[in-house]
Amino acid sequence: MLESKARSASGVVDCIFLIQEHGLDTRLSYTCQPFRIDLISIIVTSYVLRGLKPSISRQPTLEPSRVSQLKFRIADCGLRTWDGAVIRAILSTIEIALLSVLILATRCANYEDVFVAGNVYFVDADCYARMTRVRMCHANPGLIVRHHSFENYPEGTTPHTTAPFDYLILGLSLLLKPFTAHTLDLAGAFVSPLLALLGGWFLWWWSRRMKFRYRWVALALYAISPILVHGTELGRPDHQSLAILLVTIAICAEWSSQCDGPRAIEVNRPYLRTSRLWSIVSGIAWGLAIWNSAYESLVLFLIVTVVSVLEERQALLARSRRAGWLCFLLIIAMAVLIERRIPSLSIFHANAIFKNWASTIGELAHVSPANVIWLRWCGYFLLLTPVLIWVRVRYRRDGAPGGGALSIYVLLVATYFLTIWQARWGYFFALIFALALPALLEPIKSRAAVWIAFVLSIFPILRDWDERLWPNEMQLAWRMEQRNEAVQIRDLAVRDTPVPCAVVAFALDCLLERAARSRRKFARKSKRHRR
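None of the values given here were measured: they were computed from a predicted structure.

Caption draft 1: Layout of the overall build of the chain. Broken down by element type, the chain carries 22 helices and six strands. A burial count over the chain gives 42% of its 531 residues as buried. Counted over contacts in the chain with a minimum sequence separation of 6, partners at least 24 positions apart contribute 75%. Surface summary for the chain: the accessible area is close to 29,800 Å², and the carbon and sulfur share equals 64%.

Caption draft 2: Seen up close, helix H16 (residues 381-394). Compared with an ideal rise of 1.5 Å per residue, which puts 14 residues at 20 Å, H16 spans 19 Å between its outermost C-alpha atoms and is within 8% of the ideal. Of all the bends found along H16, the most pronounced is centred on Val 387 and spans about 35°. Within H16, the full set of buried residues consists of Phe 381, Leu 382, Thr 385, Leu 388, Ile 389 and Arg 392. Here the buried face of H16 lies against helix H15 (373-378), helix H17 (406-421), helix H18 (426-441) and helix H19 (447-457).

Caption draft 3: Highlighting the pattern of salt bridges. A complete count under the given rule lists 13 salt bridges for this structure. Put simply, Arg 130 and Asp 166 hold a salt bridge, and the shortest N to O gap is 2.5 Å. Of the two residues, Arg 130 is situated in helix H4 (residues 126-139) and Asp 166 in helix H5 (residues 163-176); the sequence distance between them amounts to 36 residues. By the burial criterion, Arg 130 is buried, and Asp 166 matches it. When the shortest N-O distance is used, the salt bridge between Glu 442 and Arg 213 registers 3.9 Å. Of this pair, Glu 442 sits in the loop between H18 and H19 while Arg 213 sits in the loop between helix H6 (183-209) and helix H7 (215-224), placing them 229 residues apart in sequence.

Caption draft 4: Fine view of unusual backbone geometry. You will see that Lys 211, though not glycine, has its phi angle at about 60°, which is positive. Inspection of the secondary structure assignment puts Lys 211 in the loop between H6 and H7.

Caption draft 5: Examining a nonpolar patch on the surface more closely. A cluster of nonpolar residues, Tyr 380, Leu 383, Leu 384, Ile 452, Val 455, Leu 456, Phe 459 and Leu 462, forms a patch on the protein surface that exposes about 780 Å² of accessible area. Counting residues per element, the ones that place at least two in the nonpolar patch are H16, H19 and helix H20 (459-469). Within the secondary structure layout, Tyr 380 lies in the loop between H15 and H16. Accessibility expressed as a relative area gives 41% for Tyr 380, which makes it partly exposed.

Caption draft 6: Inspection of the environment of Thr 180 at higher detail. Structurally, the position occupied by Thr 180 is in the loop between H5 and H6. Separated by 3.2 Å, the side chain of Thr 180 and the backbone nitrogen of His 182 make a polar contact.

Caption draft 7: Structural detail: the side chain of Asp 238. One can find Asp 238 in the loop between helix H8 (226-231) and helix H9 (239-258). When near neighbours in sequence (up to four residues on either side) are disregarded, Asp 238 contacts Phe 165 and Ser 192.

Caption draft 8: Spotlight on H4. Its 14 residues give H4 an end-to-end C-alpha distance of 20 Å, which sits within 8% of 20 Å, the value for a rise of 1.5 Å per residue. Along H4, the residues classified as buried are Cys 127, Tyr 128, Ala 129, Arg 130, Met 131, Arg 133, Val 134 and Cys 137.

Caption draft 9: Representation of the packing of H16 against H18 in the model. Close contact between H16 and H18 brings their axes to 10 Å; oriented N to C, the two are set at 55°. Here H16 is positioned oblique relative to H18, judged by the angle of their axes. Seen from above, H16 lies across H18 with left-handed handedness. Residues Phe 381, Leu 382, Thr 385, Leu 388, Ile 389 and Arg 392 of H16 form the contact with H18, whose participating residues are Phe 429, Phe 433, Leu 437, Ala 439, Leu 440 and Leu 441. By residue class, the composition of the contact of H16 with H18 is 10 nonpolar, one polar and one charged.

Caption draft 10: The arrangement of the packing of aromatic side chains in detail. Overall, the coordinates contain 21 aromatic pairs when judged by the stated rule. Judged by centre distance (5.8 Å) and plane angle (40°), the ring pair of Trp 205 and Trp 278 falls under tilted. Of this pair, Trp 205 sits in helix H6 while Trp 278 sits in helix H11 (residues 269-292); the two residues are 73 residues apart in sequence, bridging distant segments of the chain. On the basis of relative accessibility, which here comes to 42%, the residue Trp 205 falls in the partly exposed class. Given a relative accessible area of 7%, Trp 278 falls into the buried group. With centroids separated by 5.7 Å and ring planes inclined at 65°, the aromatic side chains of Trp 374 and Trp 377 adopt a geometry described as edge-to-face. Of this pair, Trp 374 and Trp 377 are both found in helix H15, three residues apart, which corresponds to roughly one turn of the helix. The exposure class of Trp 374 is buried, given its relative accessible area of 3%. Trp 377 sits in the buried class, given a relative accessible area of 8%. Positioned over the ring face of Tyr 222 is Arg 107, at 5.4 Å from the centre of the ring.

Caption draft 11: Region of the structure containing the environment of Cys 252. Along the chain, Cys 252 falls in helix H9. The exposure class assigned to Cys 252 is buried, which follows from its relative accessible area of 0%. Spatially, the C-alpha atoms of Cys 252 and Ser 207 are 9.0 Å apart, while their sequence positions differ by 45 residues.

Caption draft 12: Representation of the confidence of the model for the chain in the model. When pLDDT is averaged along the chain, the result is 77; 68% of the residues meet or exceed 70. Mean pLDDT across the secondary structure elements of the chain bottoms out at strand E2 (residues 13-21), with 39, and peaks at H7, with 96. Confidence drops under pLDDT 50 across residues 1-79; counting only partners more than four residues distant or on other chains, this segment forms 86 contacts. For residues 496-506, every residue scores under 50 in pLDDT, and the model assigns this stretch six contacts once sequence neighbours within four places are set aside.

Reading guide: rules and limits
Note on numbering: residues in each chain are counted from 1, in written sequence order. Residue-level local features of this predicted model are given only where pLDDT is at least 70; pairs of side-chain atoms are given and counted only at 80 or more, and the full residue set underlies all totals for whole chains, interfaces and linings. By convention in this description, side-chain values take in all heavy atoms of the structure and omit both hydrogens and water. We count a stretch as a helix when DSSP gives it H or I for four or more residues in a row; a strand needs E for two or more, and each element gets its number in order from the N terminus. Only protein chains enter the accessibility calculation, which uses a 1.4 Å probe; a residue whose area is less than 20% of its type maximum is buried, one above 50% is exposed, and one in between is partly exposed. For this analysis, residues touch if any pair of their heavy atoms sits within 4.5 Å. Only the protein chains shown count as cover for residues, and all accessible areas are computed by the Shrake-Rupley method using a 1.4 Å probe. A helix is expected to reach a length of 1.5 Å times the quantity of its residues less one. What the bend at a residue measures is the angle between two axes, fitted to the seven residues ending there and to the seven starting there. Any carboxyl oxygen of Asp or Glu within 4 Å of a side-chain nitrogen of Lys or Arg constitutes a salt bridge here. Patches here: salt-bridge-free residues with over 30% relative accessible area, like charges joined within 9 Å, nonpolar side chains (Val, Leu, Ile, Met, Phe, Trp, Tyr) joined within 5 Å. Between N or O atoms, a polar contact is any pair within 3.5 Å; within protein, one atom must be a potential hydrogen donor and the other a potential acceptor, and residues adjacent in sequence are included only when both atoms are from side chains. A fitted line through C-alpha atoms represents every axis, and for helices the fit uses only the stretch in contact; the resulting angles, taken between N-to-C directions, go from 0 to 180 degrees. Here the angle decides the label: under 35 degrees means roughly parallel, over 145 means roughly antiparallel, 65 to 115 means roughly perpendicular, and every other value means oblique. Handedness of each helix crossing follows the sense of rotation of the near helix against the far helix: counterclockwise by less than a right angle gives left-handed, clockwise gives right-handed. Charged means Asp, Glu, Lys or Arg here, nonpolar means Ala, Val, Leu, Ile, Met, Phe, Trp, Tyr, Cys or Pro, and polar covers whatever is left, Gly included. Geometry of aromatic contacts follows a simple scheme: Phe, Tyr and Trp rings, the Trp one being its six-membered ring, pair when their centres are within 6.5 Å, and the pair is stacked under 30 degrees between planes, edge-to-face over 60, tilted otherwise. Criterion for a charge above a ring: Lys NZ or Arg CZ within 6 Å of the ring centre, and within 35 degrees of the ring normal. Scored from 0 to 100, pLDDT reflects the predictor's confidence in each residue.

Structure (structure tokens):
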């Protein structure tokens, strides 16, 4: 009978060979260096096996008491070993640290425009309405704000914003309470970058689990894409930052639950258990995303559901999907009971007042397919995306990383046309493009070629960051004018006495007209400068 136990160690190791034969023990102990352990183990093991080979072959004819027993041990000094698990943990820590620094550096690049003279100045006028809601919830815990009496005074407005993001900011302010007295303002300023950081950590873990060969392409694009940075930047407490995080989790969970195929999932129990867990995560994420914003999230959810049904009719009511549907319906029911109202789709109204208001909102503007802004959002790889999608769908291999991504490609095409209609869809288009890119690049075997092409493709993105971080004189003057407008908007928002609607409208019209005039003037100067 042969027992062998070996443990690697760093330092001096005592190798003890205990030979037991007929009840007699003999010990032999000596010292060796770590790099000799494997060689010694091989020599000793081969010697013992060679010596026991005749006995093993004649084992049925021998008495058990006459069979020699050998125990081989390696006792270590208890020091830490630099094995594969430790190296992988160190590399993972370095990757997470680099990704976190990149995400926070890009999201907080506008800190000079947010923190001015000891005050917090939010980047959009709508952010002050959101923070007013948070202050109301802070004064009356449990309050659900369904009507804005502080806007369009004295009639007020019925907003599309909901409670989850209000109480998320309020919860973050409670965590910041031991460190500062301005908890609400700082929570509103930092909530979006923190949500972007959580999304980056999730993408790092999920892409590693999916075993994407070019997963860092998606992570880098998620971290530096200007449109994604704008949606989650410092000083912008907007529900879109939470929507981006929830939609990211929902799409990734949906992808993971479908990558093995419905038929394989139903047959294989481990696949069934994993798919059920991903289905639960997907249902919770979709439910919270629709509760947070019943516009973009609802449209994306319907597209994913329709594509899944068309691809596999039985996938909608499969056994692995029932728990996810139950979680989704429970969250939607909870949202209806708490909000006690149906979300208004005022975005589809076509009256004159809405058109005049929409003309001043940049997120509702159309984006031409020939606009260079597409390249500044996604890089030159966007031009090759139709070819990559066709190759990936046409020559898809079962079991390859990124399988089951048909719904992702459909989402990418759908959000492209929706962005042409309204610029606010650009956040989700860039996000889905980043998620789909590793799967699209999977057939390319040369890592060097892919990374060289990716570095060259992000030149428009790097140029946008160059102009933002090191502006010229005209850009600096325009930024100072925007900062002054932000100060005026904040002064108007913090008034204690209600202001008539006509006064507010006049003040905002003046500010918006001045901003539009500055943009046109800046565009003319920039065009003249390029010539």
